[in-house]
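Coordinate inspection notes
What follows is each chain in one-letter form.
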Amino acid sequence: MFVPGLDLAEAFYREVLAPLTGEPHAAALLGEGSEVLGFDTERSTDHEWGPRAQVFVLAERVEAVRARVAAGLPAEFRGHPTAWFSLASGGVDHHVEVITAGEWLTAALGRPLDGLDTAAWLALPQQRLLHVTAGRVFHDDLGELTAARAALAWYPDDVWRWMVAVQWHLIGNTEPLRARCRELGDARGAALLTARLAGLAMELAFLLERRYRPYDKWFGTAFARLDAAAVVGPLLDAALAGGPGGADPLLAALAELGRRHDAAAVSAPVGPAAGDFDVGINGAVRPYRVSNAGAYVRATLAAVADPALRALLPVGALDQLTHGDDTLVTFSGWPGRLAEAYRAELATAAEPR
């Protein structure tokens, strides 16, 4: 019978690792893996799955605890081998990482926790933040891990508000494009833009509920667990399915998200509304029904306290600007390089005009 990886890991820690570790220490299952997010199934067991955990100890105890763990692990735990192929080592190995909390956190974030300025926050993939804040902590009498998870639980308020403003901006930019495609008889283009708008709406729901979004494999699964999903989900499903004309379910979904925006006190209340698309040039107004996304952008930017961030062009944080797949999140230095780019842009935005 399948046992979720988090439950297996906790039992493995309590029955095997805790007696080998001694005090003081922390132990958890964090990092990569569907089981860390709580989304693993029987299918997940075909690679990088089994009894595993991180054990965090003081620097002077790392080597001794590593040796005790390596010598004391049983060959199997509850019918699962404790050693299997490891991407990290390139061979068969156990999957108990013994390390200091500070060293592990720095590797997970790509920088020390105390180096997280606004630019670094903007350049952190949400999946990487989930590596630290999802999962389960089994024990922590050192406190460093628990404090770090609390500090990383959600974005600083200004960063959050700017990201919400950007999300509304992206929605507002996309809405009239879909209508223009339809006007030209481009059903394929309209369908692609409908799918894009549905994705943008889902991303907005994560932001409004202060929940990090996982990468695409788990995006829809995680969205289904949001409070907004019960109302917004069926509307997006209807939009994606197409069907006869009439009330636009995407407009209804965005109106619901507008109400949720106001309830979350992201900005001064705006109130959802729909109207014809105001091009903003030469008084042109086109008969495309769109939401009042721009009003949410303006209200939310006004709530951002940092003038440099408020003045930053609305390109978005990393996940809004580009994709957050394994290549970017795990195997590249792009997040660090993007942090430098954000830092330079913020410095420019802060200059007197």
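Residues numbered from 1 in each chain as written. Predicted model: local features only at pLDDT ≥ 70, side-chain atom pairs only at ≥ 80, totals over all residues. Heavy atoms only, no water.

Two aromatic rings, taken as a pair, are described by how far apart their centres are and by the angle between their planes. In total, this model carries 11 aromatic pairs according to the counting rule given. An aromatic cluster is defined as three or more aromatic residues linked by ring pairs; in this entry it consists of Trp121, Trp154, Tyr155 and Tyr212. (Phe/Tyr/Trp six-rings, centres within 6.5 Å; stacked < 30°, edge-to-face > 60°.)

So, on to the packing of helix α8 (residues 157-183) against helix α12 (residues 249-263). For the pair α8 and α12, interaxial distance at closest approach is 13 Å and the crossing angle is 165 degrees. Classed by the angle they form, the pair α8 and α12 counts as roughly antiparallel. Considering how the two elements wind past one another, α8 and α12 form a crossing that is left-handed. Two secondary-structure elements touch here, α8 through Val164, Trp168, Ile171, Glu175 and Arg178 and α12 through Leu250, Leu251, Leu254, Leu257, Gly258 and His261. Broken down by class, the residue content of the contact of α8 with α12 amounts to 7 nonpolar, 2 polar and 2 charged. (Axes fitted to C-alpha atoms, helices over the stretch in contact; angles between N-to-C directions. Helix = DSSP H or I, 4+ residues; strand = E, 2+ residues; numbered from the N terminus. Parallel < 35°, antiparallel > 145°, perpendicular 65-115°, else oblique. Left-handed = near helix turned anticlockwise from the far one by under 90°. Contact = heavy atoms within 4.5 Å. Nonpolar A, V, L, I, M, F, W, Y, C, P; charged D, E, K, R; others polar.)

A regular strand places its side chains on the two faces of the sheet in alternate fashion. Judged from the 4 bridges that link them, strand β5 (residues 83-86) and strand β6 (residues 91-94) form a sheet pairing that is antiparallel. By the bridge assignment for β6, Ser86 is matched with Gly91. The loop that links β5 with its antiparallel partner β6 comprises 4 residues; one of these, Gly90, has a positive phi angle of about 75 degrees. (Pairing = 2+ DSSP bridges.)

Secondary-structure assignment places Ala53 in strand β2 (residues 53-56). Between the alpha carbons of Ala53 and Leu124 there is a distance of 24 Å; along the sequence they are 71 residues apart. The residues touching Ala53, leaving out its near neighbours within four places in the chain, are Leu17, Ala28, Leu29, His95, Val96, Glu97 and Phe138.

The periodicity of an α-helix, 3.6 residues per turn, causes residues three or four positions apart to be oriented the same way. The complete set of buried residues in helix α7 (residues 144-151) reads Leu145, Ala148 and Arg149. Viewed end-on, α7 has its buried residues packed into an arc of 100 degrees, placing them on one side of the element. The secondary structure elements touched by the buried residues of α7 are β1 (26-29), β2, α4 (101-109), α6 (126-133) and β8 (136-140). (Buried < 20%, exposed > 50% of the residue type's maximum accessible area, 1.4 Å probe, protein only. Arc of directions from axis to C-beta.)

The subject of this paragraph is the sheet that holds β1. Judged by pairing direction, the sheet is mixed, and its 4 strands sit side by side in the order β7-β2-β1-β8 without closing on themselves. With partners counted over all chains shown, the strands left at the sheet margins are β7 (96-99) and β8, one partner each. Neighbour-to-neighbour, the strand axes of the sheet open up by a mean angle of 15 degrees, direction not taken into account. As paired strands, β2 and β7 are joined by 4 bridges and run parallel to one another. In the sheet register, Val55 faces β7, and the bridge partner there is Val98. Its contacts with the sheet put helix α1 (residues 5-21) on β1, β2, β7 and β8, and the angle it makes with β8 is roughly 20 degrees.

Under the criterion given, the structure shown has 2 cavities of 30 Å³ or more. Counted as a void, the largest cavity has a volume near 70 Å³. What lines the largest cavity is Gln126, Gln167, Glu203, Phe206, Leu207, Arg213, Asp319 and Gln320. Contributions of two or more residues to the lining of the largest cavity are made by α9 (187-208) and α15 (318-321). The element contributing the most residues to the lining of the largest cavity is α9, with 3 residues. Residues of the lining of the largest cavity, tallied by class, amount to 2 nonpolar, 3 polar and 3 charged. One number sums up the size of the second largest cavity: a volume of about 30 Å³. Around the second largest cavity, the lining residues are Trp162, Ala165, Val166, His169, Val297, Leu301 and Pro314. Secondary-structure elements contributing two or more residues to the lining of the second largest cavity are α8 and α13 (293-302). Sort the elements by how many residues they give to the lining of the second largest cavity and α8 lands first, with 4 residues. Of the residues assigned to the lining of the second largest cavity, the class counts are 6 nonpolar, 1 polar and no charged. (1 Å grid on protein atoms, 1.4 Å probe; cavity = no way out; pocket = protein on both sides within 12 Å on 5 of 7 lines; lining within 4 Å. Points joined across faces, edges and corners; volume = space filled by probe spheres on them.)

Moving on, we come to the pattern of salt bridges. On inspection of all chains with the given rule, the structure shows 14 salt bridges. A salt bridge links Arg343 to Asp117; the nearest nitrogen and oxygen atoms lie 2.8 Å apart. Of the two residues, Arg343 sits in helix α17 (residues 334-350) while Asp117 sits in the loop between α4 and α5 (118-122), which places them 226 residues apart along the sequence. Linking Arg343 and Glu340 is a salt bridge whose minimum nitrogen-to-oxygen distance equals 2.6 Å. (Salt bridge = Lys/Arg side-chain N within 4 Å of Asp/Glu carboxyl O.)

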